[in-house]
Amino acid sequence: MTIKDAKTNFIVDEAIALFFERSISEVTVHDIAARAGVGEATVYRYFSTKHNLVCAVAAKLEQQIYETYFDLSRADNGFNKLSLFYKSYLEIFCSHREFFKFINEFDAFMLSEGKTDSTEYSSGLDMFKTLCSDAYAQGLSDGSIAAVDDWETFYYSTTHALLELCKKLSTADIVRQDETADKEAEIATLTDVILFKLKKSK
């Protein structure tokens, strides 16, 4: 790792800490520079804009989540791998809820900037799709999964539903019903519905 890479990673890590403590919209480049113990010019030298820094944070968190929660190698068949994949959302929610809060803010930030794509972050999403699709293909081969009519549509609709639910539940309670709902049970219920559709009947 070069000195530049080390400094870049350090700044990103400090930005992550601040975004988790507050929010993307509240944190300024000045705040991040002060936290990292560098001048604002140094931050701009490496990232040029706050937008680029936020995207770098999103890409790093995405990679960390993938490496920490999406190891499917311990499962013995396709269905069990898909079970691990979909149940990872609840695991992340229980132990790393601030990730979903960040993603919720990231989406809002990108829209407010008039920019709806981050190449590095978007490319990283393909890792999850490939992993899930490989498990689905294995399940078809080993007979543990019931085929769906359109796998790509099924993948996107189910992962979007889980992601949006986790994002919603990671934010502050707004209405009375939010306070009484069992958030973990909601995510588990949606996951069970998805897996019920995939499990092959004996």
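Anything mentioned here points back to the structure above.
Residues numbered from 1 in each chain as written. Predicted model: local features only at pLDDT ≥ 70, side-chain atom pairs only at ≥ 80, totals over all residues. Heavy atoms only, no water.

Peer 1: I tried to follow the nonpolar core on my own but got confused; where do I start?
Peer 2: If you look at soluble globular proteins, the nonpolar side chains tend to sit buried side by side. Membership of the largest hydrophobic core comes to 58 residues, with the highest contact counts inside it found for Phe85, Tyr86, Trp151 and Leu198. When residues of this core are assigned to their parent elements, the largest contribution, nine residues, is made by helix H4 (residues 50-69). Setting aside anything within four residues of it in sequence, one finds phenylalanine 85 in contact with Phe70, Leu72, Phe128, Leu131, Cys132, Tyr155 and Thr159. (Core = buried A, V, L, I, M, F, W, Y, C linked by side-chain atoms within 4.5 Å. Buried < 20%, exposed > 50% of the residue type's maximum accessible area, 1.4 Å probe, protein only. Helix = DSSP H or I, 4+ residues; strand = E, 2+ residues; numbered from the N terminus. Contact = heavy atoms within 4.5 Å.)

Peer 1: Honestly, the pattern of salt bridges in this entry has me stumped. Any pointers?
Peer 2: Between side chains of opposite charge, pairing is possible as soon as their charged atoms come close. With the rule as written, the count across this model stands at nine salt bridges. Among the ionic pairs, lysine 129 bridges to glutamate 152, the shortest N-O distance being 3.3 Å. Residue lysine 129 is found in helix H7 (residues 119-142), and its partner glutamate 152 is found in helix H8 (residues 151-170); the two are separated by 23 residues along the sequence. Between lysine 167 and glutamate 164 there is a salt bridge, and its shortest N-O distance comes to 2.9 Å. Of this pair, lysine 167 and glutamate 164 both sit in helix H8, three residues apart, which is roughly one turn of the helix. Here lysine 167 falls in the buried class, since its relative accessible area comes to 3%. Taking relative accessible area as the criterion, glutamate 164 reaches 43% and is therefore assigned partly exposed. Residues joined by salt bridges that share partners form a network here, namely Glu14, Glu21 and Arg35. (Salt bridge = Lys/Arg side-chain N within 4 Å of Asp/Glu carboxyl O.)

Peer 1: So what exactly am I meant to see when it comes to the environment of glutamate 62 here?
Peer 2: Take glutamate 62: it is sitting in helix H4. In this structure glutamate 62 comes out as buried when scored by relative accessible area, which is 4%. Placed 37 residues apart in sequence, glutamate 62 and phenylalanine 99 show a C-alpha to C-alpha distance of 8.9 Å. Setting aside anything within four residues of it in sequence, one finds glutamate 62 in contact with Phe99, Glu120, Tyr121, Gly124, Leu125 and Phe128. Looking at glutamate 62, its side chain comes within polar contact range of the main-chain nitrogen of leucine 125, at 3.2 Å. (Polar contact = N/O pair within 3.5 Å; in protein donor to acceptor, adjacent residues only side chain to side chain.)

Peer 1: What is the right way to read the packing of aromatic side chains from this model?
Peer 2: For any pair of aromatic rings, the description consists of the separation of the ring centres together with the inter-plane angle of the planes. Tallied over the entire structure, the rule returns 16 aromatic pairs. For the pair phenylalanine 70 and phenylalanine 128, a centre-to-centre distance of 5.0 Å together with 85° between the ring planes defines the contact as edge-to-face. Of this pair, phenylalanine 70 sits in the loop between H4 and helix H5 (78-95) while phenylalanine 128 sits in helix H7, and the two are 58 residues apart along the sequence. This pair shows no difference in class: phenylalanine 70 is buried, exactly as phenylalanine 128 is. Look at phenylalanine 102 and phenylalanine 106: their rings are 6.0 Å apart centre to centre, the planes differ by 20°, and that puts the pair in the stacked class. With phenylalanine 102 and phenylalanine 106 both in helix H6 (residues 97-112), this residue pair falls four residues apart, about one helical turn. On the basis of relative accessible area, phenylalanine 102 is assigned to the buried category, the value being 1%. Residue class for phenylalanine 106 comes out buried when judged on its relative accessible area of 3%. Three or more aromatic residues link up through ring pairs in this structure, and these residues are Tyr66, Phe70, Phe85, Tyr86, Tyr89, Phe128, Tyr136, Trp151, Phe154, Tyr155 and Tyr156. (Phe/Tyr/Trp six-rings, centres within 6.5 Å; stacked < 30°, edge-to-face > 60°.)

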